[in-house]
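# Remarks on the overall topology
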Amino acid sequence: MQMSSSKKNVVPQAREALDRFKMEAAAEVGVNLSNGYNGDLTSKQAGSVGGQMVKKMIESYEKNMK
């Protein structure tokens with residue numbers, strides 16, 4: 001099985017929603033993201049944004065299970 005390396009979205013609207021979600025999570029942990037390139041973030045900053053996103057996804061999943 002060959003994996004495609006393209007970043008083509010199955011649902012084009014998903015990219016916008018994920019970008020908004022990422023910006024919200026970054027704001028909540030005090031990381032300033034800009035639209036586009038954010039390669040100047042430290043690993044700690046990037047990790048805190050990703051961690052916040054996962055935390056919010058788990059909370060949403062648990063809320064919807066009830």
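All figures in this text were calculated on a predicted structure; none of them were measured in a lab.

Parameters and conventions
Residues numbered from 1 in each chain as written. Predicted model: local features only at pLDDT ≥ 70, side-chain atom pairs only at ≥ 80, totals over all residues. Heavy atoms only, no water. Helix = DSSP H or I, 4+ residues; strand = E, 2+ residues; numbered from the N terminus. Expected span 1.5 Å × (residues − 1). Contact = heavy atoms within 4.5 Å. Core = buried A, V, L, I, M, F, W, Y, C linked by side-chain atoms within 4.5 Å. Buried < 20%, exposed > 50% of the residue type's maximum accessible area, 1.4 Å probe, protein only. Axes fitted to C-alpha atoms, helices over the stretch in contact; angles between N-to-C directions. Parallel < 35°, antiparallel > 145°, perpendicular 65-115°, else oblique. Nonpolar A, V, L, I, M, F, W, Y, C, P; charged D, E, K, R; others polar. Salt bridge = Lys/Arg side-chain N within 4 Å of Asp/Glu carboxyl O.

Glancing now at helix H2 (residues 43-65). With 23 residues, H2 should cover 33 Å at 1.5 Å per step; its first-to-last C-alpha distance of 33 Å lies within 8% of that length. Turning to H2, the residues buried within the fold contact helix H1 (12-28).

It is characteristic of soluble globular proteins that their nonpolar side chains tend to be buried jointly. In this structure, Phe21, Ala25, Ala26, Val31, Leu33, Val49 and Met53 together form the largest nonpolar core, which totals 7 residues. Put simply, the parts of the chain that give this core at least two residues each are H1 and H2. In terms of residue count, the dominant contributor to this core is H1 (3 residues). Ignoring any residue separated from it by four or fewer positions in sequence, one finds Ala25 in contact with Val49, Gln52 and Met53.

So, on to the packing of H1 against H2. Packing of H1 against H2 brings their axes to within 8 Å, and their N-to-C directions diverge by 110°. Taken as axis vectors, H1 and H2 run roughly perpendicular relative to one another. Counting all contacts with H1, which are made through Phe21, Lys22, Ala25, Ala26 and Glu28, the residues of H2 involved are Val49, Gln52, Met53, Lys56 and Met57. Looking at the contact of H1 with H2 residue by residue, the class counts come to 6 nonpolar, 1 polar and 3 charged.

Note that Lys55 resides in helix H2. Residue classification places Lys55 among the partly exposed positions, given a relative accessible area of 47%. On a C-alpha basis, the gap between Lys55 and Ala25 in space is 9.5 Å, while along the polypeptide they are 30 residues apart.

Our focus in this paragraph is the pattern of salt bridges. Taken as a whole and judged by the stated rule, the model has 3 salt bridges. Asp19 is the partner of Lys22 in a salt bridge, and the nearest nitrogen-oxygen pair spans 4.0 Å. Remark: Asp19 and Lys22 occur in helix H1; sequence separation between them is 3 residues, near one turn of the helix. Its salt-bridge partner being Lys56, residue Glu28 comes within 3.0 Å of it at the nearest N-O pair. You can see Glu28 sitting in helix H1 and its partner Lys56 sitting in helix H2, a full 28 residues away along the chain. One salt-bridge network, in which partners are shared between bridges, spans Arg15, Asp19 and Lys22.

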